[in-house]
Amino acid sequence: MTLNKNLPGLNQIISIPLAMLIVVFFSTPASAENQTIEMLNKLGKETMVYSKKVVKVDIGDTVFWKSTKPGHNVEFIKGGVPEGVGKFRSALSKDTEYKFEVPGIYAYWCTPHKGMGMIGFVVVGNDKSNLEQIKKIKYMGKSKKIAIELILSL
Ligand SMILES: [Cu+2]
(Lines give C-alpha, C1' and ligand atoms only; values in the text may rest on other atoms or scores of the structure.)
Protein backbone atom coordinates (compact mmCIF):
# COMPACT_ATOMS: atom_id res chain seq x y z
CA MET A 1 0.00 0.00 0.00
CA THR A 2 1.46 3.35 -0.92
CA LEU A 3 0.76 6.81 0.36
CA ASN A 4 -0.47 7.77 -3.11
CA LYS A 5 -3.25 5.19 -3.09
CA ASN A 6 -4.44 6.16 0.37
CA LEU A 7 -4.29 9.89 -0.16
CA PRO A 8 -4.55 10.69 -3.83
CA GLY A 9 -3.39 14.18 -4.62
CA LEU A 10 -1.15 14.55 -1.56
CA ASN A 11 1.97 14.61 -3.71
CA GLN A 12 0.58 17.49 -5.70
CA ILE A 13 -0.50 19.34 -2.56
CA ILE A 14 2.88 19.15 -0.85
CA SER A 15 5.01 19.49 -3.96
CA ILE A 16 4.27 23.19 -4.53
CA PRO A 17 5.27 24.45 -1.06
CA LEU A 18 8.20 22.05 -1.05
CA ALA A 19 9.40 23.33 -4.39
CA MET A 20 9.09 26.91 -3.15
CA LEU A 21 11.05 26.03 -0.02
CA ILE A 22 13.80 24.45 -2.10
CA VAL A 23 14.03 27.55 -4.31
CA VAL A 24 14.24 29.85 -1.26
CA PHE A 25 16.84 27.63 0.40
CA PHE A 26 19.14 27.36 -2.57
CA SER A 27 18.84 30.97 -3.63
CA THR A 28 20.07 32.13 -0.21
CA PRO A 29 23.78 31.34 -0.14
CA ALA A 30 25.55 30.80 3.18
CA SER A 31 27.71 33.79 2.33
CA ALA A 32 25.82 36.56 0.65
CA GLU A 33 27.33 38.15 -2.42
CA ASN A 34 28.70 41.68 -2.56
CA GLN A 35 27.57 43.65 0.48
CA THR A 36 26.80 47.31 1.01
CA ILE A 37 27.32 48.91 4.40
CA GLU A 38 26.17 52.41 5.23
CA MET A 39 28.30 54.74 7.34
CA LEU A 40 25.89 56.45 9.69
CA ASN A 41 25.75 59.00 12.50
CA LYS A 42 22.81 57.28 14.11
CA LEU A 43 21.10 53.90 13.92
CA GLY A 44 18.44 53.28 16.54
CA LYS A 45 20.06 54.10 19.88
CA GLU A 46 23.59 53.83 18.49
CA THR A 47 25.66 56.73 17.24
CA MET A 48 28.61 56.65 14.82
CA VAL A 49 27.94 53.22 13.46
CA TYR A 50 28.22 50.99 10.39
CA SER A 51 24.80 49.74 9.32
CA LYS A 52 26.13 46.16 9.40
CA LYS A 53 28.88 45.42 11.91
CA VAL A 54 29.66 41.91 10.69
CA VAL A 55 29.40 40.72 7.10
CA LYS A 56 30.40 37.36 5.68
CA VAL A 57 31.48 37.20 2.06
CA ASP A 58 33.06 34.76 -0.34
CA ILE A 59 36.61 35.09 -1.64
CA GLY A 60 36.58 37.63 -4.47
CA ASP A 61 33.49 39.46 -3.24
CA THR A 62 33.48 43.24 -2.87
CA VAL A 63 32.14 45.17 0.10
CA PHE A 64 30.88 48.70 -0.56
CA TRP A 65 30.75 51.31 2.18
CA LYS A 66 28.38 54.13 1.43
CA SER A 67 29.09 57.58 2.85
CA THR A 68 25.45 58.10 3.79
CA LYS A 69 26.53 60.65 6.41
CA PRO A 70 29.80 62.57 6.03
CA GLY A 71 32.81 62.31 8.33
CA HIS A 72 33.38 58.56 8.24
CA ASN A 73 35.79 56.18 6.56
CA VAL A 74 37.12 52.62 6.68
CA GLU A 75 40.56 51.74 8.07
CA PHE A 76 41.85 48.20 8.47
CA ILE A 77 43.12 47.83 12.03
CA LYS A 78 46.83 47.04 12.43
CA GLY A 79 47.17 43.30 13.07
CA GLY A 80 43.50 42.87 12.26
CA VAL A 81 43.75 41.39 8.77
CA PRO A 82 45.00 38.07 7.38
CA GLU A 83 48.73 37.73 6.72
CA GLY A 84 49.87 39.35 3.49
CA VAL A 85 47.02 41.86 3.31
CA GLY A 86 48.20 45.44 2.90
CA LYS A 87 46.99 48.58 4.65
CA PHE A 88 43.69 50.07 3.66
CA ARG A 89 42.41 53.45 4.73
CA SER A 90 39.73 55.24 2.73
CA ALA A 91 39.19 58.98 2.43
CA LEU A 92 36.77 60.65 4.82
CA SER A 93 33.23 61.32 3.58
CA LYS A 94 33.71 59.21 0.44
CA ASP A 95 32.06 56.02 -0.71
CA THR A 96 34.61 53.25 -0.78
CA GLU A 97 34.95 49.60 -1.65
CA TYR A 98 37.32 46.72 -1.16
CA LYS A 99 37.58 43.43 -3.00
CA PHE A 100 38.42 40.66 -0.54
CA GLU A 101 40.82 38.20 -2.17
CA VAL A 102 42.51 36.71 0.91
CA PRO A 103 40.40 34.56 3.24
CA GLY A 104 40.22 35.33 6.95
CA ILE A 105 38.85 37.87 9.40
CA TYR A 106 39.26 41.59 8.73
CA ALA A 107 38.80 44.07 11.57
CA TYR A 108 38.26 47.69 10.60
CA TRP A 109 37.11 50.89 12.13
CA CYS A 110 36.36 54.49 11.29
CA THR A 111 39.51 56.53 11.91
CA PRO A 112 37.80 59.53 13.64
CA HIS A 113 35.31 57.41 15.57
CA LYS A 114 37.27 54.33 16.62
CA GLY A 115 37.15 55.50 20.24
CA MET A 116 33.36 55.84 19.93
CA GLY A 117 32.94 52.23 18.89
CA MET A 118 32.60 52.62 15.13
CA ILE A 119 34.01 49.23 14.25
CA GLY A 120 33.18 46.33 11.96
CA PHE A 121 34.34 42.91 10.83
CA VAL A 122 34.37 41.10 7.51
CA VAL A 123 34.78 37.33 7.43
CA VAL A 124 36.00 36.10 4.04
CA GLY A 125 35.57 32.53 2.86
CA ASN A 126 34.31 31.47 6.30
CA ASP A 127 37.97 31.39 7.39
CA LYS A 128 38.57 32.25 11.05
CA SER A 129 42.19 31.09 11.24
CA ASN A 130 43.41 34.54 12.40
CA LEU A 131 40.89 34.76 15.24
CA GLU A 132 43.62 34.75 17.92
CA GLN A 133 45.34 37.76 16.34
CA ILE A 134 41.96 39.53 16.11
CA LYS A 135 41.46 39.00 19.86
CA LYS A 136 44.90 40.51 20.59
CA ILE A 137 44.17 43.87 18.93
CA LYS A 138 44.32 46.90 21.20
CA TYR A 139 40.83 48.21 20.59
CA MET A 140 40.29 51.91 21.33
CA GLY A 141 37.74 53.15 23.87
CA LYS A 142 34.19 51.97 23.23
CA SER A 143 35.38 49.76 20.37
CA LYS A 144 36.72 47.28 22.91
CA LYS A 145 33.37 46.28 24.39
CA ILE A 146 31.72 46.16 20.96
CA ALA A 147 34.60 44.16 19.48
CA ILE A 148 34.36 41.52 22.22
CA GLU A 149 30.64 41.06 21.49
CA LEU A 150 31.17 40.95 17.74
CA ILE A 151 34.05 38.48 17.95
CA LEU A 152 31.79 36.11 19.91
CA SER A 153 29.25 36.31 17.08
CA LEU A 154 31.71 35.49 14.28
CU1 LIG B 1 32.93 57.51 11.73
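Above this text you will find the structure in question.
Residues numbered from 1 in each chain as written. Predicted model: local features only at pLDDT ≥ 70, side-chain atom pairs only at ≥ 80, totals over all residues. Heavy atoms only, no water.

## A few points about the overall build of the protein
Going by this rule: Helix and strand labels come from DSSP, where a helix needs a run of H or I of at least four residues and a strand needs a run of E of at least two; each type is numbered from the N terminus. When checking whether two residues touch, look at their non-hydrogen atoms; a contact exists if any pair is within 4.5 Å. Accessible surface is estimated by sampling points in the Shrake-Rupley manner with a 1.4 Å probe; for residues, cover comes only from the protein chains shown.
The helix and strand tally for the protein stands at four helices and eight strands. Ordered by position from N to C terminus, the α and β elements of the protein give α-α-β-β-β-β-β-β-β-β-α-α. Contacts in the protein between residues at least 24 apart in sequence constitute 64% of all its contacts with a sequence separation of at least 6. Of the accessible surface of the protein, which amounts to about 9,500 Å², a share of 60% is contributed by carbon and sulfur atoms.

## Focus: the coordination of the copper ion
What counts here: Water is absent from the atoms considered, so a metal site may look incomplete; donors are defined as N, O and S atoms within 2.8 Å of the metal, or 3.2 Å for Na, K and Ca. A four-donor site is classed as tetrahedral when every donor-metal-donor angle falls between 85 and 135 degrees; four donors are called square planar, and six octahedral, when trans pairs exceed 155 degrees and all remaining angles lie between 65 and 115, with any other arrangement labelled irregular. Burial status follows relative accessibility: with a 1.4 Å probe on protein chains alone, a residue under 20% of its type maximum counts as buried, one over 50% as exposed, and anything between as partly exposed.
At this site the copper ion is bound by His 72 (ND1), Cys 110 (SG), His 113 (ND1) and Met 118 (SD), with donor distances of 2.0 to 2.6 Å. In this structure, the copper ion is coordinated by four donor atoms arranged in tetrahedral fashion, with angles at the metal of 88 to 133°. In the primary structure, the donors to the copper ion are separated according to the pattern H-x37-C-x2-H-x4-M. Note that His 72 is positioned in the loop between β4 (62-66) and β5 (75-76) and His 113 in the loop between β7 (104-109) and β8 (119-124), a separation of 41 residues in sequence. Each member of the pair, His 72 together with His 113, is buried.

## Brief notes about the pairing of strand β3 (residues 54-57)
Consecutive residues of a regular strand have side chains that alternate between opposite faces of the sheet. So the rule is basically this: What makes two strands pair is DSSP finding at least two bridges between them.
Residues Val 55 and Val 57 of β3 are buried on one face, while the alternating residues Val 54 and Lys 56, pointing to the opposite face, are not. Looking at chain direction, β3 and β8 are connected through four bridges and run parallel. Note on β8: the bridge partner recorded for Val 57 is Val 124.

## Re the pattern of salt bridges
Put simply, the rule is: Salt bridge, as applied in this entry: a Lys or Arg side-chain nitrogen positioned within 4 Å of an Asp or Glu carboxyl oxygen.
Summed over the entire model, instances satisfying the criterion amount to three salt bridges. Note that Glu 46 and Lys 53 form a salt bridge whose closest N and O atoms lie 2.6 Å from each other.

## Describing the sheet that holds β8
Quick note on the threshold: Where helices are involved, their axes are fitted lines through C-alpha atoms of the stretch in contact, as for all axes, and angles between N-to-C directions lie from 0 to 180°.
The strand order β3-β8-β7-β5 describes an open sheet built from four strands, whose pairing is mixed. Each edge of the open sheet is held by one strand with a lone partner, namely β3 and β5. Relative to the sheet, helix α4 (residues 143-153) contacts β3, β7 and β8, its axis offset from that of β8 by approximately 25°.

## Focus on the layout of surface pockets
Heads up, the condition is: Using only the protein atoms, space was sampled on a 1 Å grid; points where a 1.4 Å probe fits but cannot get out form cavities, open sets with protein on both sides within 12 Å along at least five of seven lines form pockets, and lining residues are those with an atom within 4 Å of a point. Grid points are joined across faces, edges and corners, and a volume is the space filled by probe spheres set on the points. Note on residue classes: Ala, Val, Leu, Ile, Met, Phe, Trp, Tyr, Cys and Pro are nonpolar, Asp, Glu, Lys and Arg are charged, and everything else, Gly too, is polar.
By volume, the largest pocket is sized at about 180 Å³. Lining the largest pocket, in full, are Glu 75, Phe 76, Ile 77, Lys 78, Gly 79, Val 81, Val 85, Gly 86, Lys 87, Phe 88 and Arg 89. Among the residues forming the lining of the largest pocket, the class breakdown is five nonpolar, two polar and four charged.

## Some details on the environment of Phe 88
Take Phe 88: it is sitting in the loop between β5 and β6 (96-99). The sequence separation of Phe 88 and Tyr 108 amounts to 20 residues, and the corresponding C-alpha distance is 9.1 Å. Sequence-distant contacts of Phe 88, that is, excluding residues within four places in its chain, are made with Val 74, Glu 75, Phe 76, Thr 96, Glu 97 and Tyr 98.

## With respect to the sheet that holds β4
Across the sheet, four strands lie side by side as β2-β1-β4-β6; this open sheet has mixed pairing. Looking along the sheet, the strands with just one partner apiece sit at the ends: β2 (46-50) and β6. Taking the axes of each pair of neighbouring strands and ignoring which way they run, one obtains an average angle of 20° across the sheet. As paired elements, β4 and β6 share four bridges and run antiparallel to each other. From the neighbouring strand, Trp 65 faces β6, where its bridge partner is Thr 96.

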